[in-house]
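Here is how the chains run, residue by residue.
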Amino acid sequence: MHASDQLGVAVVGAGYWGPNLIRNFRSSNDWDLRAVCDLDTARAEQVLGARSGVDVTASLDEVLVREDIDAIAIATPARTHQGIAVAALRAGKHVLVEKPLADSVQNGRAMVDLAREQGLVLMADHTYCYTPAVLKIRQLVEAGELGEILFVDSVRINLGLVQPDVDVFWDLAPHDLSILDFVLPGGLRPTGVSAHGADPLAAGKACVGYLSLPLPGGAMAHVHVNWLSPTKIRQMVIAGTRRTLVWDDLNPQQRLSVYDRGVDLAHQSVDSVDRTDATISYRLGDTWAPALPEREALGAMVTEFADSIRTGRSPSTDGDAGLRVLSVLEAAATSTSSGGGLVDPTIETLALEEVS
Ligand SMILES: NC(=O)c1ccc[n+]([C@@H]2O[C@H](COP(=O)([O-])OP(=O)(O)OC[C@H]3O[C@@H](n4cnc5c(N)ncnc54)[C@H](O)[C@@H]3O)[C@@H](O)[C@H]2O)c1
């Protein structure tokens, strides 16, 4: 690609995650990183290193008036996403936003609506959706290799930093939810959300969280997120009527395993006392491991951002995907405060729309 065909980008926020975006934009042929904006300019300069040729500023306005900047990537805390994204969209810039898209459905919706009005790309960095493992999972589910989904069980636990501004649901569950949105046929559309949070150390927020998401058709997804676990587990089980898939992200030799095993229920007696009529059979077959390329998810993510800008199509993790994740997170907050009751995430979204 010609240097002149490259899109100009500025990264806003060079704290913990921003440097990963900076590195991937810098090494992409599609992009020319032209500025980094952080309130802490010393931090931005340190991340870029000496003689980077990339401008550093604390002023978002300075970035937004530049005509050689086509897009802004936002890696600041979630509560600031909406303000920065709205300013950038009003200035005619395409926007990439770190997960979660915003700190509320209402703020996320304002961003999605404005991007649509302006005809600009709004993309959520749901990083895991660009990993070879998750892309493979989506392919297998889409091709019907697992059959109908029966249940999903996702565990994301370790000794995590207790975040100052968000609880464990808002910190970790966006990953699981965005993956579910990406791989489940029709996206993440649970019929309800039930959540339990615990704060056994009195840290002032939930540090242990359990989310139950009944899915259309009778299936169930469960997500366990936890900052207090001395063992680190990153595992998702997706069971289907034909096969079951286990993704262990901490096992680079075999991240994905597909089990040709399952339970068939041919016929169940209607009479609960007389179970002799029930025909349950267990299928025991092989286990295989799909081959996965080793490549960095964020490289594929910045390519997707450039492609969607060039072609005018929605990115595969667009603002609507970000909104679906937010609606579950908000419903989870309502559910935890009501002792775990089942909350309808769509009603939650509608209720907020009415307010706005
Ligand atoms: N995709 C992932 O896997 C992943 C992983 C970690 C964090 N994140 C997300 O990245 C975002 C940033 O998280 P972090 O852990 O890097 O936070 P951080 O606090 O380490 O860094 C934020 C940076 O933004 C700067 N900043 C804050 N407000 C600003 C403003 N108005 N204008 C310019 N700069 C501003 C701060 O000075 C700081 O350097 C969050 O949305 C987080 O959820 C995503």
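Preceding this section is the structure that the text describes.
Residue positions are given per chain, counting from 1 as you read along its sequence in written order. Confidence filtering applies because this is a predicted model: local features only for residues at pLDDT of at least 70, side-chain atom pairs given and counted only at 80 or more, and all residues used for totals across whole chains, interfaces and linings. Each side-chain value is worked out from all heavy atoms of the structure, with water and hydrogens disregarded.

1. Digging into the overall build of the protein
The helix and strand inventory of the protein stands at 10 helices and 16 strands. Computation of the radius of gyration draws on C-alpha atoms, with the globule rule given as 2.2 Å multiplied by the number of residues to the power 0.38. Taking 356 residues into account, the globule formula puts the C-alpha radius of gyration at 21 Å, and the protein, at 22 Å, falls close to it. Overall size of the protein, expressed as C-alpha extent along the three principal axes, is 75 × 45 × 40 Å. Per-residue burial for the protein yields a buried fraction of 50% across its 356 residues. Secondary structure elements are taken from DSSP: a helix is a run of H or I of four residues or more, a strand is a run of E of two residues or more, and numbering for both begins at the N terminus. Residue burial is assigned from relative accessible area. The probe radius is 1.4 Å, only protein chains are included, and a residue is buried under 20% of its type maximum, exposed over 50%, and partly exposed in between.

2. Digging into the sheet that holds strand E10 (residues 220-226)
Two strands in a sheet stick together by hydrogen bonds in their backbones, pointing the same way (parallel) or opposite ways (antiparallel). Judged by pairing direction, the sheet is mixed, and its 8 strands sit side by side in the order E8-E9-E10-E7-E11-E12-E13-E16 without closing on themselves. The open sheet has two free edges, formed respectively by strand E8 (194-198) and strand E16 (287-288), since each of these has just one partner strand. We treat two strands as partners when DSSP finds at least two bridges between them. Across 2 bridges, the pairing between strand E13 (residues 256-259) and E16 is antiparallel. By the bridge assignment for E16, Val258 is matched with Trp288. Against the sheet, helix H6 (residues 132-142) makes contact with strand E7 (149-159), strand E11 (228-240), strand E12 (244-248), E13 and E16, and its axis sits at roughly 175° relative to E12, the strand it touches most. Any two residues whose heavy atoms approach within 4.5 Å at even a single point are treated as in contact. Each axis is a line fitted through C-alpha atoms, taken for helices only over the stretch in contact, and angles between the N-to-C directions span 0 to 180 degrees. On top of the sheet, helix H7 (residues 168-183) reaches E7, E8, strand E9 (208-214), E10, E11 and E12; it is set at about 150° to E10, its chief contact.

3. A word on the site of the ligand
Residues in contact with the ligand amount to 19 residues; listed here are only the nearest, Trp17, Asp38, Glu98, Lys99 and Thr127. Nitrogen and oxygen atoms within 3.5 Å of one another constitute a polar contact, given that in protein one can donate a hydrogen and the other can accept it, and given that sequence-neighbouring residues count only through two side-chain atoms. The contact in question runs from an oxygen atom of the ligand to an N or O atom on the side chain of His81, over 3.2 Å. Glu98 places a polar side-chain atom, nitrogen or oxygen, 2.9 Å from a nitrogen atom of the ligand. For the accessible areas, the method is Shrake-Rupley and the probe is 1.4 Å, while residue cover comes only from the protein chains on display. In isolation the ligand exposes 860 Å². Once the protein is present, 75% of that is buried. When we say a residue is near a molecule or strand, we mean one of its heavy atoms is within 4 Å of it.

4. Regarding the sheet that holds strand E1 (residues 7-12)
Taken in spatial order, the 6 strands make up an open sheet running E3-E2-E1-E4-E5-E6, and their pairing is parallel. The open sheet terminates on both sides in strands that have one partner only, identified here as strand E3 (55-57) and strand E6 (122-125). Within this sheet the neighbouring strands show an average axis-to-axis angle of 25°, counted without direction. Along the sheet, helix H4 (residues 81-90) contacts E1, strand E4 (71-74) and strand E5 (94-98); its crossing angle with E5, the most-contacted strand, is approximately 170°.

5. A short note on the nonpolar core
Counting residues in each nonpolar core, the largest one holds 102 residues, and the members touching the most others are Phe25, Trp31, Leu177, Leu180, Leu211 and Trp247. Element by element, the count of residues in this core is highest for H7, at 10 residues. Here, nonpolar core refers to any group of buried Ala, Val, Leu, Ile, Met, Phe, Trp, Tyr and Cys residues whose side-chain atoms link them within 4.5 Å.

6. Observations concerning the packing of aromatic side chains
Note on aromatic pairs: the rings of Phe, Tyr and Trp (six-membered ring only in Trp) are paired at centre separations within 6.5 Å, and the planes decide the class, stacked below 30 degrees, edge-to-face beyond 60, tilted for the rest. Tallying each qualifying case throughout the model produces 4 aromatic pairs. Centroid distance Phe25 to Trp31: 5.1 Å. Interplanar angle 80°. Geometry classified as edge-to-face. Note on accessibility: Phe25 and Trp31 belong to one class, buried. Centroid distance Trp31 to Phe305: 5.2 Å. Interplanar angle 25°. Geometry classified as stacked.

7. A closer look at the side chain of Thr57
Tracing the backbone through its elements, the reader meets Thr57 in strand E3. Dropping the residues within four chain positions of it, Thr57 is found in contact with Val36, Cys37, Asp38, Thr41, Glu62 and Val63.

8. Focus: the packing of H7 against helix H9 (residues 319-337)
It is at 9 Å that the axes of H7 and H9 come closest, and there the two elements cross at 130°. Classified by the angle their axes make, H7 and H9 are oblique. Crossing angle aside, the handedness with which H7 passes H9 is right-handed. Here Phe169, Trp170, Ala173, Pro174, Leu177, Ser178 and Asp181 of H7 come into contact with H9, specifically with Ala321, Arg324, Val325, Leu326, Val328, Leu329, Glu330 and Thr336. Per-class residue counts for the contact of H7 with H9 are 10 nonpolar, 2 polar and 3 charged. Each angle gets one of four labels, with under 35 degrees taken as roughly parallel, over 145 as roughly antiparallel, 65 to 115 as roughly perpendicular, and the rest as oblique. Crossing handedness is defined as follows: a turn of the near helix away from the far one that is anticlockwise and smaller than a right angle gives a left-handed crossing, while the clockwise case is right-handed. Charged residues are taken to be Asp, Glu, Lys and Arg, nonpolar residues to be Ala, Val, Leu, Ile, Met, Phe, Trp, Tyr, Cys and Pro, and polar residues to be all remaining types, Gly included.

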